[in-house]
Amino acid sequence: MKLWKVNARSREETDRLQRETGLPSVLARLLAARGFRSRDEVESFFEGDGGGFEPLRFLDMDKAVERIRRALDGFERIAVYGDYDADGVTATAVLYSYLESCGANVMYYIPDREGEGYGMNCRALDVLHGYEVQLVITVDNGVSSLEEVEYAASLGMDVVVTDHHQPRAQLPAACAVVDPHRPGCSSRFKDLSGVGVAFQLVMALEGEDCDVQGLLENYADLVCIGTIGDVVPLTGENRIFVREGLRLLSQTDRLGVQALLERAGMEGRPLTAVNVAFTLVPRINATGRIGAPDRAVRLLVSEFPEEAEELAEDICRDNDIRRQIESEIYESALEQLRREPERLRERVLVVEGKDWHHGVIGIVASRLTDRFGKPSFVISCTGEEARASGRSVEGFHLFEAVLSCEGLLTRFGGHPMAAGLSLPTENVGRFRQAVNQWAAARAPVFPQLAVDCPLAPGELTLEVPRAMALLEPYGTGNPPPLFGLFGAALADVTPVGGGRHLRLTVKKDGYSIRCMRFGTTLEEFAYRPGDLLDLALTLEEREYLGAPSLSVSVKELRPAGVDEKALLESRAAWETARLGGRLSPQARQALLPSREDFALVYRFLREGNGFSGGAECLWLRLGGRLPLGKILLCLEVLAEHSLVRAEFSGDFCRAVLLPAAGKVNLFDSNILRRISAAERGEGA
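Residues numbered from 1 in each chain as written. Predicted model: local features only at pLDDT ≥ 70, side-chain atom pairs only at ≥ 80, totals over all residues. Heavy atoms only, no water.

**Q** Explanation requested: the overall build of the protein chain in the structure shown.
**A** Within the protein chain one finds 25 helices and 21 strands. In terms of overall size, the protein chain behaves like a compact globule, its C-alpha atoms giving a radius of gyration of 28 Å where 684 residues would be expected to give roughly 26 Å. Counting only residues that meet the buried cut, the protein chain has 53% of its 684 residues in that class. Sequence-distant contacts in the protein chain: of pairs separated by 6 or more residues, those separated by 24 or more amount to 67%. For the protein chain, the exposed surface amounts to about 30100 Å²; the carbon and sulfur share of it is 48%. (Helix = DSSP H or I, 4+ residues; strand = E, 2+ residues; numbered from the N terminus. Rg over C-alpha atoms; globule rule 2.2 N^0.38 Å. Buried < 20%, exposed > 50% of the residue type's maximum accessible area, 1.4 Å probe, protein only. Contact = heavy atoms within 4.5 Å. Areas by Shrake-Rupley, 256 points an atom, 1.4 Å probe, with all protein chains shown as cover.)

Structure follows, in structure tokens:
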């Protein structure tokens with residue numbers, strides 16, 4: 001369940017933007033909905049607003065260039081020090097390849113995720129010192145490596161830092177620190193990935209006569225992969241990198257990329273930012289999660305067909321292993337939530353397991369957040385030490401939540417949407433309690449669904465996806481458009497794909513529209529023909545029987561006109577009360593059921609032989625007469641008295657009627673007593 005946010009603008013705004021730009025009507029509506037107000041803003045978006053690429057606007061870029069040129073002239077040993085994810089790997093490949101083409105005495109180093117962790121470390125610097133390295137250039141890391149840069153200096157090695165992460169108040173004492181987020185840096189575009197900053201360094205090294213287009217022809221494919229992999233906004237210069245890179249990727253002569261595309265089943269197929277994110281990026285990331293991380297760089301710079309083929313096969317095999325491990329941990333996490341359903345009612349989901357693979361717990365946390373709409377931490381406990389990775393929802397500052405638990409942690413870092421931390425295993429339970437106490441002291445944050453604009457049934461034509469193609473590439477900051485079809489009557493529901501998916505037929509204004517609801521079974525879909533629904537749709541042009549056709553997919557749906565915020569707030573009140581939190585008198589009154597409320601819910605279950613489906617649909621089936629939190633509390637109390645078997649999993653509810661052994665006093669309830677005790681401040 002999400003809070004729908006419809007971004008539609010007034011007809012006057014849309015008409016004016018269309019007149020100024022000459023764009024198709026639906027595209028003008030989309031751009032207006034996304035905040036574009038003038039022709040200049042639209043042109044800047046489509047052109048990428050590279051601003052001519054001015055790398056010397058970065059603080060310390062001149063110092064970085066001077067030190068690297070001195071190393072080139074003196075044939076000093078240079079090491080490019082990267083990172084093990086797709087951004088760090090591609091940044092390493094770009095800078096290493098460029099320096100090698102300049103005749104540099106250059107090598108690269110990728111730290112091991114398990115043994116060394118993220119960023120510079122002193123053991124790695126000892127290794128590089130053994131190779132007689134005189135200059136270390138970091139890419140996608142280094143801005144926080146104060147002690148490591150000092151240690152490098154003690155070994156006689158200079159360091160040039162290039163990074164895109166937020167710097168601390170104190171910077172490392174390097175020859176140069178190039179980071180767009182440094183205070184006072186006059187670079188105009190701040191949302192670069194690590195590989196984007198590395199490419200800026202390459203342009204600066206080329207000097208005043210830099211052939212930007214020529215460099216893009218050489219490196220945009222790698223910059224594109226890293227930019228997509230780092231999930232930075234695909235606006236400004238990033239849009240140029242990805243647009244140019246996608247063009248090159250489809251016809252790449254880079255042997256390693258060719259081999260990887262072939263094994264990913266993408267050879268000869270049109271490439272988009274979305275399918276690159278789901279095919280190439282995970283495979284490159286897999287080398288940093290499973291096995292030796294430097295193989296991805298070797299793949300990307302390989303000039304030998306046999307080596308490229310072997311590395312691509314090896315990396316794809318690692319990706320298969322990663323997916324299997326990820327699936328096993330995800331299922332273990334879900335099983336833990338089923339065994340301990342009280343965790344699902346907490347504001348922040350925290351799950352833990354023994355020896356879970358550190359390389360995939362972040363992916364599992366992301367999947368839990370997507371499924372349950374809550375911030376999530378997945379913790380791997382190995383002996384006396386535990387490591388965790390967290391993912392958040394918009395509006396919940398995950399790093400501040402972690403910071404509030406600082407006393408329980410040995411190490412931590414992150415930003416509003418993601419965080420990583422280490423802590424003693426004995427503190428895991430206290431961390432779960434502390435992070436939820438911090439969250440409970442703040443207003444609940446609900447996941448949002450941004451709907452670009454509503455469409456009438458007659459507007460669902462091939463013209464829409466064809467106009468949308470101009471918005472490519474899609475990604476963070478520029479997601480694929482989502483359209484709203486409001487107040488449509490459900491006419492038919494048909495299982496397809498072996499029952500794993502549904503084909504829905506909805507009707508409105510005399511039109512009949514077929515659409516797909518993927519990943520939902522008939523059991524999970526409790527809406528019935530005749531229900532009025534609001535649908536959030538994606539549109540795509542596909543070929544069917546040799547002719548172009550419009551493919552309509554349902555991303556989300558809800559009862560027509562429902563007050564989603566009221567449902568979410570009511571559910572949050574139920575969760576708060578169940579966990580012993582205190583409610584306002586108004587919220588408590590709206591939550592606690594009367595005898596008539598229990599009778600309404602029980603009669604509904606008896607007449608319908610139970611219920612299985614989304615919480616919104618349960619609310620709809622009861623005629624919208626009760627707040628959602630009250631309905632869920634009724635189910636819990638009925639389950640406490642063995643009148644029903646109730647199961648809650650995110651938005652999904654299942655209630656099975658059980659044989660009644662006789663009359664019971666529903667108000668003689670431990671659940672209701674705990675809620676009353678919490679209101680009196682007595683504790684559970």
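Having put the structure on the table, let's press on.
**Q** What is the right way to look at helix α7 (residues 146-154) in this model?
**A** Along an α-helix, residues three or four positions apart point the same way, because every turn accommodates 3.6 residues. Within α7, the full set of buried residues consists of Leu146, Glu148, Val149 and Ala152. Where α7 is buried, its residues touch α6 (122-130) and β5 (158-162).

**Q** Help me understand the nonpolar core, please; the structure alone is not making it clear to me.
**A** With 80 residues, the main nonpolar core has Phe483 and Leu605 as its most contacted residues. With eight residues, helix α24 (residues 628-640) is the largest single contributor of residues to this core. Those residues in contact with Phe483, other than ones at most four positions away along the chain, are Val26, Leu30, Val451, Cys453, Leu455, Val464, Met468, Leu535, Ala536, Leu537 and Leu539. One finds Tyr96, Val197, Val297 and Cys316 within the second-largest nonpolar core, a separate group that totals 77 residues. (Core = buried A, V, L, I, M, F, W, Y, C linked by side-chain atoms within 4.5 Å.)

**Q** Please clarify how the environment of Ile329 should be interpreted in this entry.
**A** For Ile329, the location among the structural elements is in helix α15 (residues 305-339). Along the chain, Ile329 and Glu303 lie 26 residues apart, while their C-alpha atoms are 37 Å from each other. If we ignore the near neighbours within four places in the chain, the residues touching Ile329 are Trp356, His357, Val360 and Val364.

**Q** For this particular structure, what's the right way to read the sheet that holds strand β21 (residues 652-657)?
**A** Each strand in a sheet pairs with another by means of backbone hydrogen bonds, the pair being arranged parallel or else antiparallel. Spatially, three strands are ordered β19-β21-β20 in an open sheet, and the strand pairing comes out antiparallel. The sheet terminates laterally at β19 (611-614) and β20 (644-649), the two strands that pair on one side only. Taken over all neighbouring pairs, the strand axes of this sheet differ in orientation by 5° on average, direction set aside. Here four bridges tie β19 to β21, and the two strands are oriented antiparallel to one another. When the sheet's bridge partners are listed, Gly614 is paired in β21 with Phe652. α24 contacts β20 and β21 of the sheet and is inclined by roughly 135° relative to β20. (Pairing = 2+ DSSP bridges. Axes fitted to C-alpha atoms, helices over the stretch in contact; angles between N-to-C directions.)

**Q** Teacher, can you tell me more about the side chain of Asn436 here?
**A** Tracing the sequence through the fold places Asn436 in helix α18 (residues 428-440). By relative accessible area, which is 10% here, Asn436 ends up buried. Those residues in contact with Asn436 that sit more than four places away from it in its chain are Glu346, Arg347, Val348 and Val350.

**Q** Any chance you could explain the sheet that holds strand β11 (residues 418-424) here in plain terms?
**A** Strand order in this open sheet of five strands is β7-β8-β9-β11-β10, and the pairing throughout is mixed. Looking along the sheet, the strands with just one partner apiece sit at the ends: β7 (349-354) and β10 (411-415). On average, each strand axis in the sheet is tilted by 15° relative to the strand beside it, whichever way the strands run. Contacts from helix α16 (residues 361-372) reach β7, β8 (376-382) and β9 (385-391), with the element oriented near 45° to β9. Its contacts with the sheet put α18 on β7, β8, β9 and β11, and the angle it makes with β8 is roughly 165°.

**Q** Would you mind showing me how to read the pattern of salt bridges here?
**A** For side chains of opposite charge, pairing can occur when their charged atoms come near one another. According to the stated counting rule, one finds 40 salt bridges in the structure shown. Among the ionic pairs, Asp158 bridges to Arg67, the shortest N-O distance being 2.8 Å. Residue Asp158 is located in strand β5, and its partner Arg67 is located in helix α4 (residues 61-73); the two are separated by 91 residues in the primary sequence. For Arg67, a relative accessible area of 3% puts it in the buried group. A salt bridge links Arg247 to Glu217; its shortest N-O distance comes to 2.7 Å. On the criterion of sequence distance, the pair formed by Arg247 in helix α10 (residues 236-249) and Glu217 in helix α9 (residues 212-229) is long-range, its members being 30 residues apart. Judged by its relative accessible area of 33%, Arg247 falls in the partly exposed class. Among the ionic contacts, a cluster of salt bridges with common partners joins Arg295, Asp314, Arg317 and Asp318. (Salt bridge = Lys/Arg side-chain N within 4 Å of Asp/Glu carboxyl O.)

**Q** Looking at this model, I keep getting lost on the pairing of strand β4 (residues 135-139). Mind explaining?
**A** Regular strands place their side chains on alternate faces of the sheet. Across the five residues of β4, five count as buried, placing the element largely inside the fold. Side-chain alternation along β4 places Leu135, Ile137 and Val139 on one buried face and Val136 and Thr138 on a second face that is also buried. By the bridge criterion, four bridges tie strand β2 (residues 77-81) to β4 in an arrangement that is parallel. Bridging from a neighbouring strand, Ala79 pairs with Val136 of β4. When β4 meets β5, the two strands line up parallel, connected through five bridges.

**Q** Just to check I follow, could you spell out the packing of aromatic side chains for this structure?
**A** To describe a pair of aromatic rings, one takes the distance between the centres and the angle between the planes. Enumeration over the complete set of coordinates arrives at 14 aromatic pairs. Taken together, Phe36, Phe45 and Phe46 form an aromatic cluster joined through their ring pairs. The ring of Phe45 carries Arg239 above its face, with NZ or CZ at 4.1 Å from the centroid. Lying over the aromatic face of Trp4, Arg558 brings its terminal NZ or CZ to 4.2 Å of the ring centre. (Phe/Tyr/Trp six-rings, centres within 6.5 Å; stacked < 30°, edge-to-face > 60°. Lys NZ or Arg CZ within 6 Å of the ring centre and 35° of its normal.)

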